[in-house]
Amino acid sequence: YKTKRDENLIKSDRLIRTRELAHDKTTGDLFIVYSHGVMKYSMSDKSLTALTGSTQAGFADGSVQDARFNHPNAILILSPGKFLLTDFDNQRLRRLDLDANTADSICSGRRDGVDGNLTSCQLSRHISLLRVDDTIYIGTGTGILQGESY
C-alpha cells in the first residue's frame, strides 16, 4: 500500500464490489472501479493506489482526492491520466484528470438525451461507456446515446 488511505480502502469490504476494469495500453496500468471510487493497479510494481472516492457514497466535484461518487459503473480511458466515469446513483457523467487534479461533472439530469455535445447531455441511468474513433457511446437502461469525443 502506498498510503494509509489506500490500505483502509483496500481492506474495506467496499473494494469487493468491483464494478468495472479498464486497461491503459500506454502505461500498462489497470484501473478498478469499485462501489464509490477508482483505484489504480500498477502492473510494473504490483502496487494498488486509491485515486479517487471513499468507502461511503456521496457527491463532490473538485480535486481528485476530495471527489465523491455513488456507485460508479463504467470507466473510459480518454488518454493517460484522463477518464470519463459514469456515476450511476448521482446520475452524472464525470471527468477525471489526474494531471490537473480535477474531478468534475460534465453532464447530469433525469432524462436520457445527448445532442451531440457531451457537456450538455442529460442522463438518468448510464451503465456503460465506449469510444469508437471520435464518438463516445453511453449505454443506458433505455438505449444507446452518442456524443462527440473531446
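These remarks concern the structure in this document. (Residues numbered from 1 in each chain as written. Predicted model: local features only at pLDDT ≥ 70, side-chain atom pairs only at ≥ 80, totals over all residues. Heavy atoms only, no water.)

### Re the overall build of the chain
Helices and strands together make up the secondary structure of the chain, namely 1 helix and 11 strands. When the helices and strands of the chain are read in sequence order from the N terminus, they spell out α-β-β-β-β-β-β-β-β-β-β-β. Within the chain, buried positions represent 46% of all 150 residues. Long-range pairs, those at least 24 residues apart, make up 38% of the contacts in the chain between residues at least 6 apart in sequence. When the accessible surface of the chain is totalled, it reaches about 7500 Å², and 47% of it is carbon and sulfur. (Helix = DSSP H or I, 4+ residues; strand = E, 2+ residues; numbered from the N terminus. Buried < 20%, exposed > 50% of the residue type's maximum accessible area, 1.4 Å probe, protein only. Contact = heavy atoms within 4.5 Å. Areas by Shrake-Rupley, 256 points an atom, 1.4 Å probe, with all protein chains shown as cover.)

### Some points on the packing of aromatic side chains
Throughout the structure, instances matching the rule amount to 1 aromatic pair. The aromatic ring of phenylalanine 59 is capped on one face by arginine 92, whose charged end is 4.1 Å from the ring centroid. (Phe/Tyr/Trp six-rings, centres within 6.5 Å; stacked < 30°, edge-to-face > 60°. Lys NZ or Arg CZ within 6 Å of the ring centre and 35° of its normal.)

### Some thoughts on the pattern of salt bridges
Note that side chains of opposite charge can pair when their charged atoms are close. Overall, the coordinates contain 6 salt bridges when judged by the stated rule. Across the salt bridge formed by lysine 82 and aspartate 99, the nearest N and O atoms sit 3.9 Å from each other. Taken together, the positions of lysine 82 in strand S6 (residues 82–87) and aspartate 99 in the loop between strand S7 (92–97) and strand S8 (102–108) put the pair 17 residues apart, joining distant regions of the chain. For lysine 82, a relative accessible area of 30% puts it in the partly exposed group. Its relative accessible area of 62% is what places aspartate 99 among the exposed residues. Across the pair aspartate 104 and arginine 95 runs a salt bridge, and its minimum N-O distance is 2.7 Å. The exposure class assigned to aspartate 104 is partly exposed, which follows from its relative accessible area of 24%. When its relative accessible area of 26% is taken as the criterion, arginine 95 is described as partly exposed. If you follow the salt bridges from partner to partner, you end up with Asp61, Asp87 and Arg94 in one network. (Salt bridge = Lys/Arg side-chain N within 4 Å of Asp/Glu carboxyl O.)

### Structural notes on the sheet that holds strand S4 (residues 48–53)
Spatially, the 4 strands line up as an open sheet ordered S1-S2-S3-S4, and their pairing is antiparallel. In this open sheet, the two edge strands, each paired with only one partner strand, are strand S1 (20–23) and S4. With strand direction ignored, the average angle separating the axes of adjacent strands in the sheet is 20°. Across 5 bridges, strand S2 (residues 30–34) lies against strand S3 (residues 37–41) in antiparallel orientation. Its bridge partner lying in S3, leucine 30 is registered against tyrosine 41. (Pairing = 2+ DSSP bridges. Axes fitted to C-alpha atoms, helices over the stretch in contact; angles between N-to-C directions.)

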